[in-house]
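What follows is the residue order along each chain.
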Number of protein chains: 2
Amino acid sequence: MSIAMEDTKLGDASSDECCSLAAAPLQVAESERIAVKLKALADPMRLRVMSHVAAQGCESVCACDLVDVLGISQPTISHHMKKLVEAGLLTREQRGKWAHYTVVREAFTELRRFLTLD
Amino acid sequence: MSIAMEDTKLGDASSDECCSLAAAPLQVAESERIAVKLKALADPMRLRVMSHVAAQGCESVCACDLVDVLGISQPTISHHMKKLVEAGLLTREQRGKWAHYTVVREAFTELRRFLTLD
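Residues numbered from 1 in each chain as written. Chains lettered and ligands numbered in written order. Predicted model: local features only at pLDDT ≥ 70, side-chain atom pairs only at ≥ 80, totals over all residues. Heavy atoms only, no water.

Colleague: Looking at this structure, I do not really get the environment of Leu111(B). What am I missing?
Modeller: With respect to the helices, strands and loops of the structure, Leu111(B) is situated in helix 6 (residues 105-115). Given a relative accessible area of 1%, Leu111(B) falls into the buried group. Through-space distance from the C-alpha of Leu111(B) to that of Arg33(B) is 10.0 Å; in sequence the pair is 78 residues apart. With sequence-adjacent residues up to four places away left out, Leu111(B) is seen in contact with Leu115(A), Ile34(B), Lys37(B), Leu38(B), Leu41(B) and Leu89(B). (Helix = DSSP H or I, 4+ residues; strand = E, 2+ residues; numbered from the N terminus. Buried < 20%, exposed > 50% of the residue type's maximum accessible area, 1.4 Å probe, protein only. Contact = heavy atoms within 4.5 Å.)

Colleague: Looking at this structure, how should I read helix 6 (residues 105-115) of chain A?
Modeller: Three- or four-residue spacings in an α-helix give side chains the same orientation, since the helix completes a turn every 3.6 residues. Those residues of helix 6 of chain A that sit buried are Ala107(A), Phe108(A), Glu110(A), Leu111(A), Arg112(A), Phe114(A) and Leu115(A). The inward-facing, buried residues of helix 6 of chain A abut helix 2 (28-41), helix 3 (44-55) and strand 3 (98-103) of chain A together with helix 2 (28-41), helix 3 (44-55) and helix 6 of chain B.

Colleague: Can you walk me through the sheet that holds strand 3 (residues 98-103) of chain B in this structure?
Modeller: Strand pairing in a sheet relies on backbone hydrogen bonds, with the paired strands running either antiparallel or parallel. Residues and elements named next belong to chain B. Spatial strand order, 1-3-2: 3 strands in an open sheet with antiparallel pairing. In the strand order of this sheet, the two ends are held by strand 1 (61-62) and strand 2 (90-95), each with one partner. Each of strand 2 and strand 3 touches helix 5 (residues 74-86); the most contacted strand, strand 2, lies at about 130 degrees to it. (Pairing = 2+ DSSP bridges. Axes fitted to C-alpha atoms, helices over the stretch in contact; angles between N-to-C directions.)

Colleague: Sorry, what's going on with the pairing of strand 2 of chain B here?
Modeller: Consecutive side chains of a regular strand alternate in pointing toward one face of the sheet and then the other. Residues and elements named next belong to chain B. In the sheet, strand 2 pairs with strand 3 via 6 bridges, with the strands oriented antiparallel. Within strand 3, the residue paired with Arg95 across the bridge is Trp98. A loop of 2 residues connects strand 2 with strand 3, the two strands running antiparallel in sequence, and Gly96 in this loop sits at a positive phi of about 65 degrees.

Colleague: In this structure, what is going on with the environment of Pro25(A)? I would like to understand it.
Modeller: As for its position among the elements, Pro25(A) is in the loop between helix 1 (2-5) and helix 2. Not counting chain neighbours up to four residues away, the residues in contact with Pro25(A) comprise Ser51(B), His52(B) and Ala55(B).

Colleague: Explanation requested: the side chain of Arg48(A) in the structure shown.
Modeller: Mapping Arg48(A) onto the fold places it in helix 3. Of the side chains bearing the opposite charge, Glu32(B) lies closest to the buried Arg48(A), which forms no salt bridge; the N-O distance is 7.9 Å. Arg48(A) has contacts with Leu70(A), Leu26(B), Gln27(B), Val28(B) and Ser31(B), leaving out every residue within four places of it along the chain. (Lys, Arg positive; Asp, Glu negative; His and termini not counted. Salt bridge = Lys/Arg side-chain N within 4 Å of Asp/Glu carboxyl O.)

Colleague: Can you help me understand the sheet that holds strand 1 (residues 61-62) of chain A in this one?
Modeller: Residue and element names in this part refer to chain A. Spatial strand order, 1-3-2: 3 strands in an open sheet with antiparallel pairing. Looking at the sheet topology across the chains shown, the edges are occupied by strand 1 and strand 2 (90-95). Lying over the sheet, helix 3 contacts strand 1, strand 2 and strand 3, oriented at roughly 80 degrees with respect to strand 3.

Colleague: Is there a simple way to explain the state of the cysteines in this structure?
Modeller: In a disulfide, the sulfur atoms of two cysteines are held together by a covalent bond. Residues and elements named next belong to chain A. Enumeration over the complete set of coordinates arrives at 2 disulfides over all chains. Each sulfur in the disulfide pair Cys62 and Cys64 lies 2.2 Å from the other. The sign of the S-S torsion, about 130 degrees, decides the handedness of the disulfide formed by Cys62 and Cys64: right-handed. For Cys62, a relative accessible area of 6% corresponds to the buried category. (Disulfide = S-S within 2.5 Å.)

Colleague: Even after reading the chapter, I still don't get helix 4 (residues 63-70) of chain B, so can you show me in this structure?
Modeller: Residue and element names in this part refer to chain B. Residues of helix 4 that are buried include every one of Ala63, Leu66, Val67 and Leu70, and no others. Angularly, the buried residues of helix 4 cover 105 degrees about the axis, an arc narrow enough to put them on a single face. Among the exposed residues of helix 4, those oriented more than 90 degrees off its buried face are Asp68 and Val69. Looking at the packing, one finds that the buried side of helix 4 touches helix 3, strand 1, helix 5 and strand 3. (Arc of directions from axis to C-beta.)

Colleague: Mind showing me how you'd approach the pairing of strand 3 of chain B here?
Modeller: Bridge analysis of strand 1 of chain B against strand 3 of chain B gives 2 bridges, and the strand direction is antiparallel. Counted as the bridge partner of Val61(B) is Tyr101(B) from strand 3 of chain B.

Colleague: Is there a simple way to think about the pattern of salt bridges in this case?
Modeller: A side chain of one charge can pair with a side chain of the opposite charge when the charged atoms of the two come close. Residue and element names in this part refer to chain B. Applying the stated criterion across every chain yields a total of 8 salt bridges over all chains. Measuring nitrogen to oxygen at the nearest pair gives 2.9 Å for the salt bridge that ties Glu86 to Lys82. Of this pair, Glu86 and Lys82 are both found in helix 5, 4 residues apart, which corresponds to roughly one turn of the helix. On the basis of relative accessibility, which here comes to 58%, the residue Glu86 falls in the exposed class. Assessed through its relative accessible area of 54%, Lys82 is described here as exposed.

Colleague: Can you help me understand the nonpolar core in this one?
Modeller: Soluble globular proteins tend to pack their nonpolar side chains together in the buried interior. Counting residues in each nonpolar core, the largest one holds 67 residues, and the members touching the most others are Leu41(A), Leu89(A), Leu41(B) and Leu89(B). Leave out the neighbours within four places in its chain, and Leu41(A) touches Leu47(A), Met50(A), Leu84(A), Leu89(A), Phe108(A), Leu111(A), Leu38(B), Phe114(B) and Leu115(B). (Core = buried A, V, L, I, M, F, W, Y, C linked by side-chain atoms within 4.5 Å.)

This is the structure:
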């Protein structure tokens, strides 16, 4: 896959790259940045929250809608949203009583690049 | 992205899909399965280990090589490898003194499908 080939700092350029993850072995700083995002995602409820926000397309989603769809309380939603915003996976905008959230595309692009195995 | 389009069980096929994560909002069982894999990956050293294993292509990698490349002890490597194997991200095969590890492609395909935002 082209994304994996942009950077060819592989230890052995002649190796079979069909299973390569990322463009090159991760360095410490990059691994720490990705780990923060994965840790925020590595929770079943936050994964469901993220999938609901993202299923709305590029538009922001009101926390009030998530309360209804997922059937969990507003404080619980707020707790999970805070973790996702802190990890840079969502942005938050207050509109009146409710916060609205939008997916940070670049964050997912980075994660997907790491996971590319083609 | 073609991988994301294989399954078209979108809740609302007419919605703007440019930011959609996964084919549809995650159900509980799927979210739990993905969370286990993400949790195993959400550690800087394990991310570096995974990227080194995968950078070797589809071939298995000896734990002895990881000890050299990453400059960490054999027990530490074993600890991290155990977590990655338990999460279904690597398979392990013992060959004499050393274990050899191989990437489980299907596990990364599932994670990548979830993260697809195109």
